[in-house]
Amino acid sequence: MIHRRGTRQHGARILAWFRFCVHASGVAMVTACAASAVAAPPATITSLAALHSLTNDEAAQSIPVAFEATVTYHIPGSVGLFVQDGGFAIYADAPQNATLTPGDRVLVRGKTAPGFRPDIEAESVTVLGHGEVPAPVPASYTQLVRGDFDCVRVAVRGTVRSADLVTYGKVANLYLELSMEGGPIDVILNSSDSSILGKLPGAEVEVAGSTAAIFDSKQQLTGIILKVPAISDLRVLQEAPSSPDALPFTPMDEIFGHSYVRDLSERVRVEGTITYYLPGAAAVLQNGTRSLWIETRDEQPLTIGDRATASGYPAVRNGVLTLANAEVEDSRQRSPLTPRGVGWDDLYAGTNAFNLISTEGQVVKEGREEYQDEYLLTTGGHLFTVVYRHIDEDLGFQLPPMKQIPVGATVRVTGITSVSYGSNPFEGPAGFDVLLRSFDDIEVVARPSWLNVHNLTWVVGILLGVIFIIGIRVIWTERQARLHNATMADLERRRGKILEDINNSRPLAEILENINELVSEGLGEVPCWIQVKDGATLGNFVSGNSRAGLRVVEEPILSRSGPALGAICAAFGPHTRPDAVQTGSLAQAAGLARLAIETSRLYSDLVHRSEFDLLTDSHNRFSFEKQIEIAIEAARQSAGIFGLLYIDLNDFKDVNDRFGHHIGDLYLQEVALRMKGQLRPGDILARLGGDEFAVILPHVRSRTDVEEITLRLERSFEQSFTREGCTVFGTASIGIAIYPADGTTRDSLLSAADAAMYVIKQTRRSKGEALPGKTVR
């Protein structure tokens with residue numbers, strides 16, 4: 001699944017698939033005579049209205065543009081830019097260093113480019129002034145999915161199904177799934193305010209933002225995503241009936257009893273030539289360069305090559321545009337298609353997804369499984385799978401014997417390209433298979449070498465000596481070929497295992513060691529090692545003295561953005577020469593290492609964010625509750641004690657009311673820093689919320705030890721807090737609880753400490769002591 005409004009790199013990859021050369025004039029010269037159009041250069045387009053009249057073929061000519069419009073969405077540091085002028089809007093790849101805000105009136109200069117709709121590759125964006133952001137246009141789900149408001153700033157209403165904080169690169173955004181009347185859409189909100197996440201699921205909201213398309217590798221629309229520039233563009237119309245934490249627990253085997261779906265999808269009808277059919281499961285129709293995967297339970301006979309119609313409901317299955325619950329009608333009129341000859345690059349790009357194609361490769365392995373027959377092929381050093389799926393024998397179909405093809409034979413296969421997509425919509429197809437319609441679709445075009453032992457026996461009496469030498473050579477060659485192909489298959493399997501380990505967050509060092517072993521075996525057991533920047537060196541490291549006479553190749557591990565993450569190195573013999581296999585293996589290993597390192601760091605960052613308060617870098621309530629349970633269990637095991645302090649900052653509300661929340665936040669940060677300075681190694685400080693903190697003291701011998709630390713914490717408030725010209729004289733009320741004297745459970749200990757804190761606060765008030773310090777500006 002591809003999203004057009006991504007980074008410049010992803011946009012360039014998509015344009016490389018679909019851009020082709022056309023010889024035509026600029027749109028301003030379309031109505032002129034052909035001779036003049038060819039001779040004259042394209043005229044500069046100066047309005048969005050004129051741009052909207054272009055086709056993708058015309059946009060592929062890189063027509064110069066210079067038009068004014070208003071910015072509706074842009075994130076500093078990114079290239080994605082949405083602009084609008086009146087009722088017309090468009091997407092542009094802006095320069096990386098552009099600093100724009102919604103409402104800026106800009107002059108955009110650049111060239112046209114094809115995409116889901118014509119886009120702009122901006123060479124410069126000049127700010128002319130600043131005004132109001134265009135008012136959002138109310139839009140329905142039907143209007144969105146039909147492309148009526150592509151790139152236009154719209155306002156939509158719906159119920160929030162999920163709300164998450166997601167990081168792309170180094171930028172955190174709120175990612176919402178919004179259920180509209182008619183279907184779901186995604187929303188990216190330019191905000192990292194995680195405090196509202198718990199309030200959004202189940203709430204009815206109105207959101208204003210720029211409409212963007214999600215489409216597959218064939219530029220077919222598969223979803224809608226709304227780009228929202230600010231938190232102010234989100235308005236809660238009705239709060240959720242209850243927070244997620246307040247929901248009652250449901251037994252796991254009963255959750256389906258709470259499902260409810262109201263599907264308003266319209267039934268649609270398509271036509272094309274039948275290019276694939278699996279009775280009771282699926283079919284494929286192709287019309288020109290367009291093709292569609294059809295889910296159908298029909299078991300009636302359909303003839304491949306006949307013209308047919310199918311009616312069903314549009315759906316997206318794992319990023320693939322699908323016609324579901326379909327009924328297929330065979331017209332019995334022949335309209336066979338000629339398969340298009342393609343190579344591995346074309347197949348991997350996904351531009352021929354579910355089209356009828358023909359390609360060649362060498363057989364590495366074949367085998368019959370329970371539900372399908374598989375042939376593993378290699379071409380140009382790449383592996384792919386050819387699949388013949390079994391028809392259910394309950395339908396009266398007798399499964400024929402698998403077509404046996406010698407390993408090493410070159411075959412031509414004809415069939416349907418079946419693509420699959422990963423979890424990231426910006427990366428394009430994750431893989432592909434070729435689906436056979438029958439065993440006639442796989443044809444041997446070149447058998448293995450005829451020089452083998454069996455054939456040599458016919459001429460043994462004439463050229464016994466020569467044939468013996470040739471036979472040995474043939475046997476050795478075939479064995480090497482089999483070993484090479486088997487090694488490739490094993491390396492691909494191990495590479496898949498590494499990707500699985502990365503996805504399962506296995507230890508980074510273990511994954512990097514496996515990458516080392518993988519590339520070392522692929523290069524003939526040469527020493528390989530990975531040097532992680534500011535980290536360890538893993539693998540079979542060759543030190544400086546041992547490198548003498550060796551040829552050491554270093555491949556940097558480049559991050560997607562920013563400095564290199566490290567390097568992968570290999571030491572070859574002194575008489576070896578660089579070749580494409582070495583370069584390709586190290587580059588592939590560097591890519592795997594980059595993915596492992598970046599995924600590990602992202603996971604560590606997410607864990608830290610889930611357990612620590614972002615303002616004070618102290619444990620949050622969730623982490624604190626886990627730590628106190630750990631302390632209780634440890635004390636039970638050792639028959640020991642530990643202390644719990646409950647801390648309330650006196651009159652913190654006055655600080656916020658007088659100086660504002662910014663000074664209040666700085667005050668909280670300084671308070672946390674001072675308290676950490678008074679605690680010992682092993683003591684745990686947590687912010688429970690607002691102006692409340694708690695401390696777990698796991699290593700104490702008596703209440704006296706706890707009271708001594710409490711006194712140190714109180715004294716840390718004696719010095720005033722001064723920030724940005726504001727001075728605060730703060731105090732805190734601290735309650736003490738001792739395990740097990742004051743409680744043996746988390747709740748009882750917290751209640752005891754809270755009650756003790758409240759007694760201290762009330763006692764000070766009754767004595768006339770000022771609870772808070774005075775605030776002075």
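Residues numbered from 1 in each chain as written. Predicted model: local features only at pLDDT ≥ 70, side-chain atom pairs only at ≥ 80, totals over all residues. Heavy atoms only, no water.

Draft legend 1. Highlighting the nonpolar core. Formed by 37 residues in total, the largest nonpolar core has its most connected members in L144, V154, V156, L178, I185, V187 and V207. Ignoring anything within four residues of it in the chain, the contact list for L178 reads V156, G158, T159, V160, G183, P184, I185, V187, V205 and V207. A409, V413, F432 and V434 belong to the second-largest nonpolar core, a separate cluster that totals 35 residues. (Core = buried A, V, L, I, M, F, W, Y, C linked by side-chain atoms within 4.5 Å. Buried < 20%, exposed > 50% of the residue type's maximum accessible area, 1.4 Å probe, protein only. Contact = heavy atoms within 4.5 Å.)

Draft legend 2. Up close: a nonpolar patch on the surface. On the surface, I462, L463, V466 and I470 cluster together into a nonpolar patch covering about 370 Å² of accessible area. Structurally, the position occupied by V466 is in helix 8 (residues 464–503). (Patch = residues over 30% accessible without salt bridge, like charges linked within 9 Å, V, L, I, M, F, W, Y side chains within 5 Å. Areas by Shrake-Rupley, 256 points an atom, 1.4 Å probe, with all protein chains shown as cover. Salt bridge = Lys/Arg side-chain N within 4 Å of Asp/Glu carboxyl O. Helix = DSSP H or I, 4+ residues; strand = E, 2+ residues; numbered from the N terminus.)

Draft legend 3. Representation of the sheet that holds strand 16 (residues 290–295) within the structure. Taken in spatial order, the five strands close into a barrel running 14-15-16-18-17, and their pairing is mixed. Taken over all neighbouring pairs, the strand axes of this sheet differ in orientation by 50 degrees on average, direction set aside. Where strand 16 lies against strand 18 (residues 320–334), two bridges are found, and the strand directions are parallel. Directly across from I294, in strand 18, lies its bridge partner L323. (Pairing = 2+ DSSP bridges. Axes fitted to C-alpha atoms, helices over the stretch in contact; angles between N-to-C directions.)

Draft legend 4. Up close: the sheet that holds strand 32 (residues 692–697). Ordered by their spatial adjacency, four strands build an open sheet running 31-32-30-35, and the pairing between neighbours is antiparallel. Lying at the two open borders of the sheet, with one neighbouring strand each, are strand 31 (684–689) and strand 35 (732–739). Along the sheet, successive strands turn relative to each other by an average axial angle of 20 degrees, direction set aside. Both strand 30 (residues 642–649) and strand 32 contribute to a ladder of six bridges, which runs antiparallel. Within strand 32, the residue paired with Y646 across the bridge is A694. Most of the contacts of helix 15 (residues 746–766) go to strand 35, to which it runs at about 145 degrees, and overall it touches strand 30 and strand 35.

Draft legend 5. Representation of the pairing of strand 23 (residues 410–421) in the model. Most of strand 23 sits out of view: nine of its 12 residues are buried. Across seven bridges, strand 20 (residues 356–368) lies against strand 23 in antiparallel orientation. Counted as the bridge partner of S358 is T414 from strand 23. With four bridges connecting them, strand 23 and strand 25 (residues 442–446) associate as antiparallel partners. Considered in strand 25, the bridge of T410 is made with A446.

Draft legend 6. Inspection of the packing of helix 12 (residues 652–659) against helix 13 (residues 661–678) at higher detail. Between helix 12 and helix 13, the least distance of the axes is 7 Å, while the angle of their chain directions is 140 degrees. Comparing the axis directions of helix 12 and helix 13 gives the class oblique. Where helix 12 approaches helix 13, its residues F652, V655, N656 and F659 are matched on the opposing element by H661, I663, G664, Y667 and L668. Looking at side-chain class alone, the contact of helix 12 with helix 13 contains six nonpolar, three polar and no charged residues. (Parallel < 35°, antiparallel > 145°, perpendicular 65-115°, else oblique. Nonpolar A, V, L, I, M, F, W, Y, C, P; charged D, E, K, R; others polar.)

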